[in-house]
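# Chain and residue survey
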Amino acid sequence: MSKEVTRNQKKTDILQGTLDLMVLKTLDALGPLHGYGIARRIEQISDSVLQLNEGTVYTALLRLEQQGWIASEWGSSENNRRARFYSISRSGRKQLARETQEWERMAGVIGRLLQVRR
Amino acid sequence: MEQLRAILAKLRHFFEGSLAERDFDEEARTHMALLADRFTRRGMTPEAAWREARRQFGNATSLKEARHDMQTFAWLERLWHDLLHGARLLRMNPVFSCVAIVSLGLGIGANTAIFQLLDAVRLRTLPIRNPNELAQIKIVGGNQGMGMNNAYGDLTRPIWEELHQRQKAFSGLFAWGVNGDVVGTGSQLEPVNGFYVTGNLFQVLGVEAWRGRLVTPEDEHACPVTTAVVSYAYWQTKMGGREIDLGTKLLIDGQLMQVTGVTPPGFLGLIVGDRFDIVLPFCEPKQLMRNLFEVTVMGRLRPGISLAGASAELAALSPGITAATEITGYSAETVARYRRFRLAAYPAGAGVSGLRDEYDSSLWLLLGITGLVLLIACANLANLILARASARERELGVRLALGASRGRLLAQLLAENTLLAVAGAALGIGIAQMVSRALVWSLSTESNAVLLPMAIDSRVLAFTAAVTTLTCLVFGAIPALRAAGLQPLSALRAGGRGMTASRDRFSLQRALAVTQISVSLVLLVGALLFVRSFHKLMTFDPGMREEGVTAAFIGFQQSNIPAERYLQFQQQLVEEVRAVPGVISAATTTNPPLLGGSWTHGIQIGSAHGDSKFTWVGPEYLATMGIPLLRGRGFSASDTADSARVAVVNETFVRQYAGGTDPIGMAMRTGQEPDYPSTVYTIVGVIPDTKYACLRCGTPPMTFAPASQFPAQHPWTAILIHSNLPADIIASRVKLRLAEKHPEMATQLSSFQTLIRDGLVRDRLMAMLSGFFGLLAALLAMAGLYGVVSYMAARRRNEIGIRIALGARRGQVIGMVMREAAWMVAAGVIAGTALALLAGRAAATLLFDLKPYDVPTLAAAAGMLIGIAVLASFVPASRASGLDPMQALRCD
């Protein structure tokens, strides 16, 4: 328990608007997944550094679905409960490419900015 | 793009009504179960694992709310909830709701009705193709009474002919005129409104025939006219709507004419408020009269040509046109004046209208009055709502304390008030339909039926919507804003247990009451002014007999009397009328007074030039009209066509032309005019000043001459009949007698007094409506003041209770409460008097023999209002003074 708490204190909040991108990338990389799976993947990749209320994944999923970038269907989870499986659509892949490019551009700018010495 | 997709998704969600909520619950449960499994596997107890799973998942309720907002139009839903909540509250207070909706309905209804009238008379365009291209050609400044003038006659036919040939600014130019005609013969004779048109009128207007064909250029040929077209209404009511064929004929003015077609039902002519029955083409007489102003000229402007452009062209054409159409037989001065006439183009898309000229300022004024009444009603409602709002302060305080935002609270209160306003507007539009029709009906007189179609067009709806919105802002927003500024803690704590209520709490209510009193004073002053003005007109002595006089208008064109015997025949008619039992005296006249007609001739006395009104009358005229002779003699049977020319003049004439000396024996020469050769009259008598054309009009110099010496005899005449019998009895007796002897003759009889009063329709309307609204305003203000004073007294119960317990007498308590009211009334009356003086200028021209700053009227209105105010505040004050102190202090 105490170990958990100390790790929690180091966690970082997710940057505004990046959760959608992470969810899209996860679905693109791993194929159809349910919300729990997506949360686990993000946890794994981020090495548990990111602070995530896992429920917000579903808000992101709803937003993506409204835009038509992902689709969903019901299936069965590993503990035999009903779960909804999400998969990325063709327009979702295009959006991912756009967003990735945008992110890299932005990251590049910030990186350069931070490297500048007086 | 992304937002659009989100909206589409929301719409899909709305229509598909998905199971999303239940789905999410299931997804969330699965997710948490999987998390819990994981924690259990790491060695947690099941309870701890579930707790940790829930923590890591986050607040499911707020997630659900966020999802809900994403999937629905949240603001719309909130609005709907606000409206439902508002409706529920209004249902819970049926009395309040009814009072609010009915008073708003009346206020909005009155405004809409007046606006509908204004719309119909002034704003609405004619039902023709592209009405805005239509323009009218007039003489700049009018023809100043030159020559002879028909109703709606701007130009002479020679001018029209010249215009038609020379102008280039109009793609189509047409002329029209109106005339009273008769259809049928003998006792079946009925008067109709004739609409005389050039052959291209309907084609230029773009009006198509309903049946048969309308007037075409081929119908315009040498007189007499042989074809006619009838209006849809005439066709339906008088001709039974039978199909038009070659056998369809009408006897119009004694001429059998072929009816070729029917105009469409929507086309009511070019005169707003008037109707036409038959359409007749212009015909070409042997000689056109150059001094008869009988036609209106209108046309469609060519594309790209503005009114200013057309006017410029007309100004350039004017000298040539007036030179070519110069009037003859007039003095050199008159002819020179004619040559200076300039023509210009004016907008005509809304048609022409005498109603418009007469009622324009009255209707705007009435709109202002009804607007003020609505304002007072709104102030009343605002006060009611304020009172209610303070009763609801606890509720609002609780909701604020529980976290409702002020914006939400404001939105909800506004929704409630909007509901009231919209219900009031719906009721108002219904009321307006009845009121506007009743108003049109009240404008009609026996001789002049006003025909105005009342419609709810987009302009009327826009007006009502605007009024409703304004109303809503005035009565709804003020209390709502106030409630939104509430401090939750103090609202919860105060709960009616204040000592003396703070002044600030009431300042708004006080201001509203003062506004009400001042505005209602303005309306009361207006009402009194119009009622007094109308009363003065009704009781005004025009210097002649009004009661007991009957006017007979007779046309004997069908009687085959040769022109040289017109005079003799008229004298014979007078003798026949005099022989009717009950007739005391009777006399012909060329121009009955007070009915709007005017007849002027230029005169010369010695070296003085000027003009005078001229009337040629029968020998008994002065006796019939009860006009006394001041000096000299009147006319008698010995003044014949061959005897010396004599005249009787009025006092103004004497003052103006005889320098106040005795004019008897003076000679006056009339200026030459066509049919009226220059003649020398000797003045033989003087009468006192009487009114001439109308009651409001001034008294000009007037000359009377014997009918036997009238130089231009016509086959028609007017006979004024004096009798002590009731007007309708004498009218029917005379009509019967004349019909027996001359069945072919057209006779119309009316009570002289009724005819005069028909000219006072506008004054009657203003007196009735402003009187009604003034009283309504006073009543509303009384209710408002009563409400505010009662409310303030109720809020001071504890204080008053303590005062009574400490020994305050009844009178002292009453005085204390009424002093509060007195301040408001005093402020209201002062502000109202100032406003009334400002507003009075708008009414000045509509008043008769009264100035808008009439002191007795102002004093009477203020007195009435103060009386009402005392009554309205005494009742609650006396109730407060009867308080049982024990109860007031005990109850909370």
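Residues numbered from 1 in each chain as written. Chains lettered and ligands numbered in written order. Predicted model: local features only at pLDDT ≥ 70, side-chain atom pairs only at ≥ 80, totals over all residues. Heavy atoms only, no water.

### With respect to the overall build of chain B
From N to C terminus, chain B includes 27 helices and 23 strands. Overall size of chain B, expressed as C-alpha extent along the three principal axes, is 140 × 75 × 55 Å. Looking at chain B as a whole, 50% of its 892 residues qualify as buried. Counting contacts in chain B only where the partners sit at least 6 residues apart, residues at least 24 apart contribute 81% of the total. (Helix = DSSP H or I, 4+ residues; strand = E, 2+ residues; numbered from the N terminus. Buried < 20%, exposed > 50% of the residue type's maximum accessible area, 1.4 Å probe, protein only. Contact = heavy atoms within 4.5 Å.)

### Overview of the nonpolar core
All names here are of chain B. Ranked by size, the top nonpolar core spans 96 residues in total, and within it L363, L366, L452, F475, L785, I800 and M824 carry the most contacts. Of the residues forming this core, the biggest block, 17 residues, is contributed by helix α12 (residues 354-391). Once residues within four sequence positions are removed from consideration, L363 is found in contact with I114, L117, L118 and V121. The next biggest cluster of nonpolar side chains, apart from the first, holds 48 residues, and it includes Y621, F653, V684 and I756. (Core = buried A, V, L, I, M, F, W, Y, C linked by side-chain atoms within 4.5 Å.)

### A few points about the packing of aromatic side chains
Scanning all chains against the criterion turns up 25 aromatic pairs over all chains. With centroids separated by 5.9 Å and ring planes inclined at 45°, the aromatic side chains of Y58 of chain A and F57 of chain B adopt a geometry described as tilted. In this pair, Y58 of chain A sits in helix α4 (residues 56-66) while F57 of chain B sits in helix α3 (residues 46-57), so the two residues belong to two different chains. Among the aromatic residues, ring-to-ring pairing joins Y152, W176, F195, F202, F267 and F276 of chain B into one connected group. Its end group placed over the ring of Y346 of chain B, K138 of chain B keeps NZ or CZ at 5.2 Å from the ring centre. (Phe/Tyr/Trp six-rings, centres within 6.5 Å; stacked < 30°, edge-to-face > 60°. Lys NZ or Arg CZ within 6 Å of the ring centre and 35° of its normal.)

### Quick look at the interface of chain B and chain A
Contact with chain B, which involves 25 residues of that partner, is made by 30 residues of chain A. When the two sides are added together, the surface that chain B and chain A hide from each other amounts to roughly 2600 Å², 51% of it contributed by carbon and sulfur. Three residues, E27, L34 and M70 of chain B, lead the burial of chain B against chain A; their summed loss comes to 24% of the area buried on that side. Joining chain B to chain A, the criterion identifies 3 salt bridges. The residue E26 of chain B makes a salt bridge to R82 of chain A at a minimum N-O spacing of 2.9 Å. Here chain B and chain A share 11 residue pairs in polar contact (both at pLDDT 80 or more) between them. Of all the secondary structure elements, the ones that give two or more residues to the side of chain B that touches chain A are α1 (2-16), α2 (20-41), α3 and α4 (60-71) of chain B. Top element by residues in the side of chain B that touches chain A is α2 of chain B. It accounts for 11 residues. In the side of chain B that touches chain A, the residues fall into 9 nonpolar, 5 polar and 11 charged. (Buried area = accessible area lost by both parts, 1.4 Å probe. Salt bridge = Lys/Arg side-chain N within 4 Å of Asp/Glu carboxyl O. Polar contact = N/O pair within 3.5 Å; in protein donor to acceptor, adjacent residues only side chain to side chain. Nonpolar A, V, L, I, M, F, W, Y, C, P; charged D, E, K, R; others polar.)

### Regarding the side chain of R67 of chain B
As for its placement among the helices and strands, R67 of chain B is situated in helix α4. Although buried, R67 of chain B forms no salt bridge, and the nearest oppositely charged side chain, E27 of chain B, lies 4.7 Å from it. Non-local contacts of R67 of chain B, meaning those with residues more than four positions away in its chain, are made with Y58, T59 and L62 of chain A together with F24 of chain B. (Lys, Arg positive; Asp, Glu negative; His and termini not counted.)

### Comments concerning the pairing of strand β4 (residues 82-88) of chain A
Working note: regular strand, side chains alternate between the two faces of the sheet. Residue and element names in this part refer to chain A. Bridging between strand β3 (residues 70-76) and β4 involves 7 bridges; their strand directions are antiparallel. Residue pairing for β4: S72 is matched across the bridge by Y86. Connecting β3 to the antiparallel partner β4 that follows it, the hairpin turn spans 5 residues, and N80 within it adopts a positive phi of roughly 65°. (Pairing = 2+ DSSP bridges.)

### Examining the side chain of T260 of chain B
Position of T260 of chain B among the secondary structure elements: in strand β9 (residues 255-262). Excluding residues within four positions of it along the chain, T260 of chain B makes contact with R211, G212, R213, T227, A228, V229 and I244 of chain B.

### Considerations on the state of the cysteines
All names here are of chain B. Overall, the coordinates contain 2 disulfides over all chains when judged by the stated rule. Through a disulfide, C223 is tied to C283; the S-S separation comes to 1.9 Å. The S-S bond linking C223 to C283 shows a torsion near 80°; that makes this disulfide right-handed. One end of the pair, C223, is in the loop between β6 (211-212) and β7 (227-230); the other, C283, is in the loop between β10 (278-281) and β11 (292-301), and 60 residues separate them in sequence. (Disulfide = S-S within 2.5 Å.)

### Some points on helix α11 (residues 332-339) of chain B
All names here are of chain B. Listed in full, the buried residues belonging to α11 are T334, V335 and Y338. Down the axis of α11, the buried set is contained in an arc of 100°. They therefore lie on one face. In α11, the exposed positions that point more than 90 degrees away from the buried face belong to A332 and E333. In this fold, the buried residues of α11 make contact with α7 (157-166), β11 and α10 (307-324). (Arc of directions from axis to C-beta.)

### Some remarks on the packing of helix α23 (residues 761-795) of chain B against helix α25 (residues 810-843) of chain B
Residues and elements named next belong to chain B. Running from N to C, α23 and α25 point in directions that differ by 140°, and their axes come no closer than 10 Å. Taken as a pair, α23 and α25 cross one another with a handedness that is right-handed. Listed contacts from α25 to L785, V788, V789 and M792 of α23 are V817, E820, A821, M824 and V825. Partitioned by chemical class, the residues of the contact of α23 with α25 number 8 nonpolar, no polar and 1 charged. (Axes fitted to C-alpha atoms, helices over the stretch in contact; angles between N-to-C directions. Left-handed = near helix turned anticlockwise from the far one by under 90°.)

### What to know about the pattern of salt bridges
Residues and elements named next belong to chain B. By the definition in use, this model includes 33 salt bridges over all chains. A salt bridge links R803 to E799, with the shortest nitrogen-to-oxygen separation between them at 2.9 Å. In this pair, R803 and E799 are both assigned in helix α24 (residues 797-805), 4 residues apart and thus about one turn of the helix distant. Residue classification places E799 among the buried positions, given a relative accessible area of 8%. Beyond isolated ion pairs, a larger network of salt bridges with shared partners links R510, R796, E799, R803 and E820.

### So, the environment of I45 of chain A
On the secondary structure map, I45 of chain A appears in helix α3 (residues 35-45). Once the C-alpha coordinates of I45 of chain A and T26 of chain A are considered, the two residues, 19 residues apart in sequence, prove to be 9.8 Å apart.

### With respect to the environment of I88 of chain A
Residue and element names in this part refer to chain A. By the secondary structure assignment, I88 is in strand β4. Under the relative-accessibility criterion, I88 is labelled buried at 11%. Residues I88 and Q44 lie 44 residues apart in sequence; the distance between their C-alpha atoms is 20 Å. Filtering out sequence-adjacent residues up to four positions away, I88 remains in contact with L24, L27, D28, W69, I70, R93 and L96.

### Brief notes about the confidence of the model for chain B
All names here are of chain B. Across chain B, the average pLDDT comes to 87, with 96% of residues at 70 or higher. Looking at the elements of chain B, mean pLDDT is at its lowest for helix α16 (residues 488-494), recorded as 60, and at its highest for strand β21 (residues 702-706), recorded as 96. Segment residues 495-501: pLDDT under 50, and 10 contacts once partners within four positions in sequence are set aside and those in other chains are kept. (pLDDT = per-residue confidence, 0-100.)

### Regarding a nonpolar patch on the surface
Residues and elements named next belong to chain A. On the surface, M106, V109, I110, L113 and L114 cluster together into a nonpolar patch covering about 510 Å² of accessible area. Examined against the element boundaries, I110 turns out to sit in helix α5 (residues 90-115). Residue I110 is classed as partly exposed on the basis of its relative accessible area, which comes to 42%. (Patch = residues over 30% accessible without salt bridge, like charges linked within 9 Å, V, L, I, M, F, W, Y side chains within 5 Å. Areas by Shrake-Rupley, 256 points an atom, 1.4 Å probe, with all protein chains shown as cover.)

### Side note on the pairing of strand β20 (residues 680-687) of chain B
All names here are of chain B. With respect to burial, β20 is a largely interior element, 6 of its 8 residues being buried. Where strand β17 (residues 631-632) meets β20, 2 bridges bridge the pair, whose relative direction is antiparallel. Considered in β20, the bridge of R631 is made with V686. In this sheet, β20 lies alongside strand β18 (residues 646-650) in parallel orientation, the contact comprising 5 bridges.

### So, unusual backbone geometry
When glycine is set aside, most residues are seen to have a negative phi, and most peptide bonds are trans. The omega torsion across C223 of chain B and P224 of chain B is 0°, close enough to zero to call that bond cis. Residue placement: P224 of chain B occurs in the loop between β6 and β7.

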